[in-house]
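# Coordinate inspection notes
The lines below spell out each chain.
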Amino acid sequence: MSHTTNTSAPPVLLLVDAPTVAEPARAPGFRAADPHAPQVQVTDLGVSRGDGVFETIGVVAGRPLQLEPHLTRLTHSAAVLDLPAPRADVWRAAVLAAIGAAGGGDLSVKTVLTRGVEGTDRCTGWVLATAAPDMTRARQHGLRVVTLDRGYSSDVAVTSPWLLQGAKYTSYAVNMAALREARSRGADDVIFTSTDGYVLEGPTASVVLRAAETLITPATDQGILAGTTQSEVFTFAAERGMRTEARPVPVAELEHAEQVWLCSSVRLCAPVRSLDGRELTVDRELTEALLAHLAGRGE
C-alpha cells in the first residue's frame, strides 16, 4: 500500500474561537497563527491541569479519515468534561482548512479544546496539522506488546464516572508512562488490562483480536474509548463476510489469541507480533487488505 507522506510539510496552526462558558451559543470562527510562536498561556487549564479534550485525525493523500466520527467523539468528550459543546461546522471547516494549508499528503491533525485561562470562562481551541510519522515498520513488521494492569476494574465507568472513562481528555501522563514502561521491557506498545481480568485498550489504540473468522474488540461499556478506526475495521470485516463482536474479553482469551492488532487514527492498524514475549502469527494478506480499506475511507 503506497502513501504520500510529506515529511517536509510545515506545521499549520489554526486558532478556533471556541464558545465561552457564559455564551455557549456565540458563533465562533478560526484564524491562522504561527505554530512556532507562543499561543497558549501558562495559566490555561489545559496546560496546568490537563483540563481539556482532543482528537487526532489521520489524513491520507490529503483526505481526512473518519472526520465525522472524530467530531462526534470530540463533542461527547466535551460533554463528559462539562465543556461547552464545540460547533461541529466550525471545527470541520478548520480541519479542512488546515489540511489544505498543509499541502496534502499524509498528515496528523489534532483538534484541542481546553477550559481556557483560569477565571476567564473562555475556552481555548486550536487545530494543528503536521506531517504524519512514518508507520511503515509497525504496519509491515508488527509490534512487540506487553500487558499492563490499568489499576481499576472493568466496571469503573459505572462505579466511578468522575474518572472520565470513555472521554478523550488531554491528560495523557499515565498513557505515556505506560509506553515508557513498555520500552524499558524491550517492547513497542501496551495493552491495558483491568484488575478483574479483562482486556481494555492500548494507551493510544483500540485492541482487535481474531478467533477463526470472527474479529473481537472489548466493549466500550467497560470505560473504553470508542474507537473510530476500530469501527472501520468492523466494517471491513463485515464486507469480507467475517463476524464481529464487541464484548468483554477475558485476559485469558487474549493470552491464547493467535492474531491481534492495535488500531488508531494515524497508525491505522498494526499487527502484534509478540505479546508478553509469546510470538503471535501475523496474517499479512488480511493486514494489507485492512490497511488498504482504512486508507481509502476518506471524506
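As a starting point, this report considers the structure included with it.

Where burial is concerned, most of strand β3 (residues 52-60) is hidden: nine out of the nine residues are buried. The two faces of β3 match: G52, F54, T56, G58 and V60 on one face and V53, E55, I57 and V59 on the other face are all buried. Of the strand pairs in this sheet, β3 and strand β4 (residues 63-64) are connected by two bridges, and their pairing is antiparallel. Paired with V59 across the two strands is P64, which belongs to β4.

So, about the packing of helix α2 (residues 67-80) against helix α3 (residues 88-102). At a minimum axis distance of 11 Å, the contact between α2 and α3 shows a crossing angle of 130 degrees. Between α2 and α3, the angle is such that the two are oblique. Of the two elements, α2 crosses α3, and the hand of that crossing is right-handed. In contact with L67, E68, L71 and L74 of α2, α3 contributes A88, W91, R92, V95 and L96.

What follows concerns the packing of aromatic side chains. A full pass over the atoms with the stated rule returns one aromatic pair. Taking 5.2 Å as the distance between ring centres and 75 degrees as the angle between the ring planes, the aromatic pair formed by F54 and Y172 counts as edge-to-face. One end of the pair, F54, is in strand β3; the other, Y172, is in the loop between α5 (156-159) and α6 (173-184), and 118 residues separate them in sequence. Between R150 and the ring centre of F192, over which it is positioned, the NZ or CZ distance is 5.0 Å.

Next up on the list: the packing of helix α7 (residues 228-239) against helix α9 (residues 284-295). Interhelical geometry of α7 versus α9 gives an angle of 115 degrees and a closest axis separation of 10 Å. The chirality of how α7 crosses α9 is right-handed. Contacts from T229, E232, V233, T235, F236 and E239 in α7 reach L286, A289, L290, H293 and L294 in α9. Across the contact of α7 with α9, the residue classes break down as six nonpolar, three polar and two charged.

Within this structure, the stated rule accounts for zero disulfides. Free of any disulfide, C263 has its nearest neighbouring cysteine sulfur in C269, separated by 5.3 Å. For C263, a relative accessible area of 2% puts it in the buried group.

Conventions adopted
Residues numbered from 1 in each chain as written. Predicted model: local features only at pLDDT ≥ 70, side-chain atom pairs only at ≥ 80, totals over all residues. Heavy atoms only, no water. Buried < 20%, exposed > 50% of the residue type's maximum accessible area, 1.4 Å probe, protein only. Helix = DSSP H or I, 4+ residues; strand = E, 2+ residues; numbered from the N terminus. Pairing = 2+ DSSP bridges. Axes fitted to C-alpha atoms, helices over the stretch in contact; angles between N-to-C directions. Parallel < 35°, antiparallel > 145°, perpendicular 65-115°, else oblique. Left-handed = near helix turned anticlockwise from the far one by under 90°. Contact = heavy atoms within 4.5 Å. Phe/Tyr/Trp six-rings, centres within 6.5 Å; stacked < 30°, edge-to-face > 60°. Lys NZ or Arg CZ within 6 Å of the ring centre and 35° of its normal. Nonpolar A, V, L, I, M, F, W, Y, C, P; charged D, E, K, R; others polar. Disulfide = S-S within 2.5 Å.

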